Amino acid sequence: MSPSTTPSHLPTRFLPTLLLILLLALAMALGRWWHPVAGLLPPTAALAVILVMRRALWGLLAGSLVGAVLLHGGNPVQALVRLLPEHLLPGLTSPWKLGALAFTLLLGGFAGLLEAGGGFRTLVRRLEGSAGDAASSSAPFSARRRVRLETALAGLGLLCFFDGLANSMVVGRVGRGLTDAVGTARVKLAYIADTTSSAVACVAFISTWIAFQLGMIAQAFAQAGLTVNPYQVFLRSVPLNFYCWFSLILLAVAVRRQYHPGPMGACVAAHSSGQGAPERMPAAVPPGTPEGQASPASALVPLAVLLVAFLLGFVLLGTQGPLLPLTRDKLVAAFGSDRGPLVMVLAALAGSLAGFLVFPRRGPAPATRALRAFAGGLGGMVLPLFILLAAWMLGSVVSALGTADLLAHWAGRTGSLPLFPTLVFLTGAVVSFATGTSWGTMGLLFPLLVPAAAQLGAGPDMLTQVVAAIFSGAVFGDHCSPFSDTTIITSLSCGVTPHDHVRTQLPYALIAAVVAVGAGFLPAGFGLSPWLSLAGGTLVLLLLPRLKKP
């Protein structure tokens, strides 16, 4: 490093450390001269560290430590010693939290196993063969062929509902040759892969997200003094998750009606005319990609087992009294039972076992390769699990500080309860876009906003709207932020630069967000049925292509 560059690098290198020292010093001062506004310092500290370091884990840990210093009268030693025993370990006695940890690990291994098996690649390669035949015709870049293949790729993305990042990698890696053959721009492929990742995982009733979501719901409602079944709350929030649904509906419009607002239109026009694709970047085949053709069964069978085991597990273990006759009320009660953690873990084990049994036997040591893939998937979930633990710890700290009471007091003075879901969504969207982390956004907002809404007098319906608004706001940034891991991984797997992916996808994300507010959260906050909101927003999105200038 030359002397001329040293001064410019030192501030950047030491900025996180200086920021943490400043925050701790402020917490030590406020801990001695307490004021209720100090309760806002932990979430503010968490957000500041996330913005500086682009790391959700360090931000949540910093916020927890700052809050513990406040709780212990400005004594950092006592705060550090008592942080884990007081704010993390007691919560780990909850079956839902233990189930969340086990299920997240197992489903990460399941996703790794399916990715290494190559079944998804074979599904698309068969379509690619048809695309190759089409490309040899006199009109290789037919609009009809592009629509069919883009629809198939979107369907593949929906099939990979169990994990957002696995979705991005699978659709991107196997879709490049297919899209090139029929004239679809790779930025369009990236948009398809990205939109069917987080938006699908967030509303899927079984995914690597669901355990984190249930853990956040359980803790937030407990802080509000309410006893709920987190799975029932999640299921009620699904139709209110307007950003995710409108993103998927807009994707269907973009594919079926070839709707390309903003920079996407120029990229698609250039590529479909055969002039090349300047937005591409070289993308090597990832290490460990299996050779040869794997049967689609290596992916479809484990998925089917996972779903069947999940559904049967709730019915068999959650049903009270005789199983037959199986009525609607029994099904609702079964899915609302406290057997959810056990069912999720057993279903993940069953799906993983099926993945091992149908793992392709080609090549040397297939059992060893399967174990390595499963272990790699487990390892990939370690960081998300630490984020989950840190989020629980921050939630416990801000609950002890009474931060939610303070927010509720301020919000109550404005009489803004019907607007609360909209404000929650907008806050989550800003935080997630600035930080690039959906899980970090959930971990930051759940312990603050759900108890605050409860303090304002929100009933079950309004609290469910707040839950859905947090999910929607968190997914917005994960969908289009240049700092999001999903955005970056999607760009690399599809062979485009992150800059081109963000600039072509951002108009779609903003359109879905505007419709989510105007047709979704605002009307729902004033009592409109979510189904009417979904219908109205869908109609708006279907009419968008008609607004384009000829």
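Residues numbered from 1 in each chain as written. Predicted model: local features only at pLDDT ≥ 70, side-chain atom pairs only at ≥ 80, totals over all residues. Heavy atoms only, no water.

**Here we look at the overall build of the protein**
Convention followed: By definition, any uninterrupted DSSP run of H or I lasting at least four residues is a helix, any uninterrupted run of E lasting at least two residues is a strand, and each is numbered from the N terminus. For every residue, the accessible area (1.4 Å probe, protein chains only) is compared with the maximum for its type, and the residue is labelled buried under 20%, exposed over 50%, or partly exposed between those bounds. In what follows, residue pairs with any heavy atoms lying within 4.5 Å of each other are defined as contacts. Throughout, the Shrake-Rupley method with a 1.4 Å probe supplies accessible areas, and for residues the shown protein chains are the sole cover considered.
Helices and strands together make up the secondary structure of the protein, namely 26 helices and zero strands. A buried classification covers 54% of the 550 residues belonging to the protein. A fraction of 81% describes how many contacts in the protein between residues 6 or more apart in sequence connect residues 24 or more apart. As displayed, the protein offers around 22300 Å² of accessible surface, 70% of which is attributable to carbon and sulfur atoms.

**Quick word on the environment of Cys480**
With respect to the element layout, Cys480 can be found in helix H23 (residues 460-480). A residue is classified by how much of its surface remains accessible, and Cys480, at 1% relative accessible area, is buried. Along the backbone, Cys480 and Tyr508 are 28 residues apart, and their C-alpha atoms lie at a distance of 9.1 Å. Discounting residues that sit within four places of it in the chain, Cys480 has contacts with Phe433, Thr487, Val502, Gln505, Leu506 and Ala509.

**Looking at the side chain of Thr504**
Of note, Thr504 is situated in helix H25 (residues 498-525). Excluding anything up to four places from it in sequence, Thr504 contacts Val187, Pro263, Met264 and Cys267.

**Let's talk about a nonpolar patch on the surface**
Selection rule: Surface patches are drawn from residues lacking salt bridges whose relative accessible area is over 30%; two like charges belong together within 9 Å, two nonpolar side chains (Val, Leu, Ile, Met, Phe, Trp, Tyr) within 5 Å. When a carboxyl oxygen of Asp or Glu lies within 4 Å of a side-chain nitrogen of Lys or Arg, that pair is called a salt bridge.
Taken together, the side chains of Val308, Leu312, Leu316, Leu323, Leu324 and Leu326 present a nonpolar region at the surface, about 560 Å² in accessible area. One can find Leu316 in helix H15 (residues 297-318).

**Points about the packing of helix H3 (residues 56-71) against helix H4 (residues 76-87)**
The condition that has to hold: Convention adopted: a line fitted to C-alpha atoms gives each axis, helices being fitted over their contacting stretch, and angles between N-to-C directions are expressed from 0 to 180 degrees. Here the word oblique covers every angle except those under 35 degrees (roughly parallel), over 145 (roughly antiparallel) and from 65 to 115 (roughly perpendicular). Helix crossings get a hand from a simple test, with the near helix turned counterclockwise from the far one by less than a right angle marking a left-handed crossing and a clockwise turn marking a right-handed one.
Taken N-terminus to C-terminus, the directions of H3 and H4 make an angle of 110°; their axes are 8 Å apart at the nearest point. For the element pair H3 / H4, the angle class is roughly perpendicular. Between H3 and H4 lies a crossing whose hand is right-handed. On H4, the residues touching Ser64, Leu65, Ala68, Val69 and Leu71 of H3 are Pro76, Ala79, Leu80, Leu83 and His87.

**Description of the packing of aromatic side chains**
Under the convention used in this document: Any Phe, Tyr or Trp ring, taking Trp's six-membered ring, that has another such ring centre within 6.5 Å forms a pair; planes under 30 degrees apart are called stacked, those over 60 apart edge-to-face, and the others tilted.
For the coordinates displayed, the defined rule picks out 13 aromatic pairs. With a centroid separation of 5.4 Å and 50° between ring planes, the pair formed by Phe356 and Phe374 is classed as tilted. Of this pair, Phe356 sits in helix H17 (residues 340-357) while Phe374 sits in helix H18 (residues 366-380), and the two are 18 residues apart along the sequence. On the accessibility criterion, Phe374 (13% relative accessible area) is buried.

**Looking at the state of the cysteines**
Let me state the cut-off plainly: Cysteine sulfur atoms that pair up within 2.5 Å are treated as a disulfide.
Per the counting criterion, the structure on display carries zero disulfides. Free cysteine Cys244: the closest other cysteine sulfur is in Cys202, separated by 4.2 Å.

**Observations regarding the side chain of Asn229**
For the record, the criterion: For this analysis, a polar contact is any N or O atom pair within 3.5 Å, provided that within protein one partner can donate a hydrogen and the other can accept it, and provided that sequence-adjacent residues contribute only side-chain to side-chain pairs.
Mapped onto the secondary structure, Asn229 falls in the loop between helix H11 (210-223) and helix H12 (230-237). What makes Asn229 buried here is its relative accessible area of 12%. A polar side-chain atom of Asn229 sits 3.0 Å from the main-chain amide nitrogen of Tyr231.

**Quick look at the pattern of salt bridges**
This model, assessed by the stated rule, comprises three salt bridges. In this structure, Arg503 and Asp500 form a salt bridge, with 2.6 Å as the shortest nitrogen-oxygen distance. Here the residue Arg503 and the residue Asp500 both occupy positions in helix H25, the gap between them amounting to three residues, near one helical turn. Among the residues examined, Arg503 registers a relative accessible area of 32% and is labelled partly exposed. By relative accessible area, which is 11% here, Asp500 ends up buried.

**Observations concerning the environment of Ala299**
Locating Ala299 in the fold gives a position in helix H15. In this structure, the C-alpha to C-alpha distance between Ala299 and Ala354, residues 55 residues apart in sequence, is 9.7 Å. Excluding anything up to four places from it in sequence, Ala299 contacts Leu114, Gly119 and Phe120.

**Considerations on H17**
Selection rule: Take the residue count of a helix, subtract one, and multiply by 1.5 Å to get its expected span.
When the terminal C-alpha atoms of H17 are compared, their 26 Å separation across 18 residues agrees well with the 26 Å that a helix rising 1.5 Å per residue should span. Those residues of H17 lying buried are Gly340, Pro341, Val343, Met344, Val345, Ala347, Ala348, Gly351, Ser352, Ala354 and Gly355.

**A word on helix H2 (residues 41-53)**
With 13 residues, H2 should cover 18 Å at 1.5 Å per step; its first-to-last C-alpha distance of 18 Å lies within 8% of that length. Here H2 has its buried residues at Leu41, Pro42, Pro43, Ala45, Ala46, Val49 and Ile50.

**Focus: the packing of H15 against H17**
Counted only if it meets this: Throughout, the ten residues Ala, Val, Leu, Ile, Met, Phe, Trp, Tyr, Cys and Pro are labelled nonpolar, Asp, Glu, Lys and Arg are labelled charged, and all others, Gly among them, are labelled polar.
Orientation of H15 relative to H17, taken along the N-to-C sense of each, is 150°, at an axis distance of 8 Å. Taken together, the axes of H15 and H17 lie roughly antiparallel to each other. In this structure, H15 meets H17 at a crossing whose hand is right-handed. Along the contact surface, H15 presents Pro302, Val305, Leu306, Ala309, Phe310, Gly313, Phe314 and Leu317, while H17 presents Gly340, Leu342, Val343, Met344, Leu346, Ala347, Ala348, Ala350, Gly351, Ala354 and Gly355. Within the contact of H15 with H17, the residues separate by chemical class into 15 nonpolar, four polar and no charged.

**A short note on the confidence of the model for the protein**
Predicted coordinates in regions of low pLDDT should not be interpreted in detail. Cut-off, in case you're wondering: Each residue carries a pLDDT score, the predictor's confidence in it, ranging from 0 to 100.
The pLDDT averaged across the protein works out to 78; a share of 80% of its residues lies at or above 70. Looking at the elements of the protein, mean pLDDT is at its lowest for helix H6 (residues 119-135), recorded as 57, and at its highest for helix H26 (residues 530-543), recorded as 95. Counted against residues more than four places away or in other chains, residues 276-292, with its pLDDT under 50, gives 35 contacts.

**Some details on unusual backbone geometry**
With a phi angle near 50°, Gln258 is a residue other than glycine that sits in the positive phi range. Mapped onto the fold, Gln258 is located in the loop between helix H13 (242-256) and helix H14 (263-272). At Ala365, a residue that is not glycine, the phi angle is positive and equals roughly 50°. Along the chain, the position of Ala365 falls in the loop between H17 and H18.

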